[in-house]
Amino acid sequence: MADQSHYDPSHPINGLKPLSNGDGFSLPLNQHDDPRLQEYSDAMMANGLPLEEVDDDEDEEDGEDDYVAVDHDDLNEYPYWFRRPPVHHRSKLDDLHPFVQILTESNVDDCVAVEEAFPEHERCSREKFQYRLGRCPELCLGLFTLPILDQGEPKPRPTLVGHVIATRVSTPHVTDKSMELPANWKTERLTVVDGETVGHDETGTSIAVHSLAVSSEHQGKGVGSTLMKAYIQRIREAAIADRIVIIAHDHLVQFYESFGFTNGGPSKCQFGGGGWTDLVLEFNTEE
Ligand SMILES: CC(C)(COP(=O)(O)OP(=O)(O)OC[C@H]1O[C@@H](n2cnc3c(N)ncnc32)[C@H](O)[C@@H]1OP(=O)(O)O)[C@@H](O)C(=O)NCCC(=O)NCCS
């Protein structure tokens, strides 16, 4: 192989003739041939730096070329796009694959089971469920769960996880009479005692919630709040009442206030031993 350390432009290299404009131009082939490079290399080594780590000016200029000034002034015009996409963490409620549905007399057994969430003396009896679900099913809502099914697997009966059971009442709060079971409910359409309707009052413009319950194994998963929100939304959108009323013990007052109920003070109801607070959610308050 030809010795190329001393390049002579008048001689071909590897059989190739040099370009004509290379005549008279001498190309240094390594740092030993260029005294400036040699000096530079010596200086770098004296500083303890190996030659490879030295950036020349050309590289710095390249870096400057990469810099692009970005104007963020238009950010406020596109606030939706300039955000991270929402991350949805699956909750315990999602795992239930929940759906809400009006309850009917066919759900009496399901409701009796869910009602066990209450202490015994506050529970609604089987007969009261038969009465309420038969008389005003449109005011009773259930949250059900269904397991994910494999293809071809027979669909099981949905499981009731939580319920809201209500009747109509003519007063702006829950009364003991509205919570009672009319004596002859199977044969009489309307029962009035001392001028007050017992049980469901078809002409009442308040909806009295007598039971919000979630089966104990599914409490704390957001079932109760989801069900209550769904219930309020349905009643509000259907515009079938002036208000929803409920009685609750003190520890749940805040829970109901979070849905927009206002604290009406101590209730006169003596059901289950008393000690209740009236809560009222008024619709159309602006009118
Ligand atoms: C009250 C009940 C319906 C709540 O249902 P749930 O599915 O357990 O409630 P959620 O998971 O939706 O919880 C919603 C909020 O209410 C609060 N809450 C639920 N039960 C509560 C209780 N017993 N005491 C105080 N706060 C309670 C939770 O802390 C939660 O607040 P957070 O979101 O800040 O954590 C349910 O616990 C139940 O059936 N209890 C027995 C029956 C009963 O008392 N019903 C109410 C009649 S007025």
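Because the structure is predicted, anything quoted here is derived from the model rather than measured.

### Quick word on the confidence of the model for the chain
- Counting all residues, the mean pLDDT for the chain is 84, and 76% of those residues have values of 70 or more.
- Here residues 1-5 is modelled with pLDDT under 50, and outside its nearest four sequence neighbours on either side it reaches three contacts, counting other chains as well.
- Across residues 20-29, confidence stays below pLDDT 50; counting only partners more than four residues off in sequence or on other chains, it has 11 contacts.

### Looking at the sheet that holds strand 9 (residues 277-282)
- Strand order across the open sheet formed by seven strands is 1-2-3-6-7-9-8, with mixed pairing between neighbours. Either end of the sheet is taken by a strand with one partner, and the two such strands are strand 1 (98-102) and strand 8 (262-266). Between one strand and the next, the sheet's axes are offset by a mean angle of 25°, whatever the strand orientation.
- Pairing between strand 6 (residues 206-214) and strand 7 (residues 243-248): four bridges, direction parallel. Directly across from Ile207, in strand 7, lies its bridge partner Ile244.

### Some points on the pairing of strand 7
- Counting buried positions along strand 7 gives five out of six residues, so the element sits mostly inside the fold.
- Between the parallel pair strand 6 and strand 7, the chain is carried across by helix 6 (residues 223-238), and the sense of this crossover is right-handed.
- In this structure, strand 7 lies alongside strand 9, joined through six bridges in antiparallel fashion. The residue bridging Ile246 from the neighbouring strand is Leu279, located in strand 9.

### Points about unusual backbone geometry
- Positioned with a positive phi, Asp194 is a non-glycine residue whose angle comes to about 50°.
- By the element assignment, Asp194 lies in the loop between strand 4 (192-193) and strand 5 (196-197).
- A residue is classified by how many C-beta atoms lie within 10 Å of it, and Asp194, with 6 of them, is exposed.
- Here Ala239, not a glycine, exhibits a phi torsion of approximately 50°, which is positive.
- On the secondary structure map, Ala239 appears in the loop between helix 6 and strand 7.

### Notes on helix 4 (residues 126-135)
- What helix 4 keeps buried is the set Lys128, Phe129, Tyr131, Arg132 and Leu133.
- Contacts made by the buried residues of helix 4 are with helix 3 (108-114) and strand 3 (159-169).

### Overview of helix 6
- For helix 6, with 16 residues, the first-to-last C-alpha span of 22 Å sits near the 22 Å given by 1.5 Å per residue.
- Residues of helix 6 that are buried: Val223, Gly224, Leu227, Met228, Tyr231 and Ile235. For helix 6, the arc enclosing every buried residue in end-on projection is 125°, short of the 170-degree limit, so these residues lie on one face. Away from its buried face by more than 90 degrees, helix 6 exposes Gln233 and Glu237.
- Tucked inside the fold, the buried residues of helix 6 contact strand 1, strand 2 (141-145), strand 3, strand 6 and strand 7.
- Directly beyond the C-terminal end of helix 6, a positive phi value near 50° is found at Ala239.

The rules behind each value
Residues numbered from 1 in each chain as written. Predicted model: local features only at pLDDT ≥ 70, side-chain atom pairs only at ≥ 80, totals over all residues. pLDDT = per-residue confidence, 0-100. Contact = placed C-beta atoms within 7 Å. Pairing = 2+ DSSP bridges. Helix = DSSP H or I, 4+ residues; strand = E, 2+ residues; numbered from the N terminus. Axes fitted to C-alpha atoms, helices over the stretch in contact; angles between N-to-C directions. Buried ≥ 20, exposed ≤ 12 C-beta atoms within 10 Å, placed from the backbone. Right-handed = clockwise from strand over helix to strand, strands pointing away. Expected span 1.5 Å × (residues − 1). Arc of directions from axis to C-beta.

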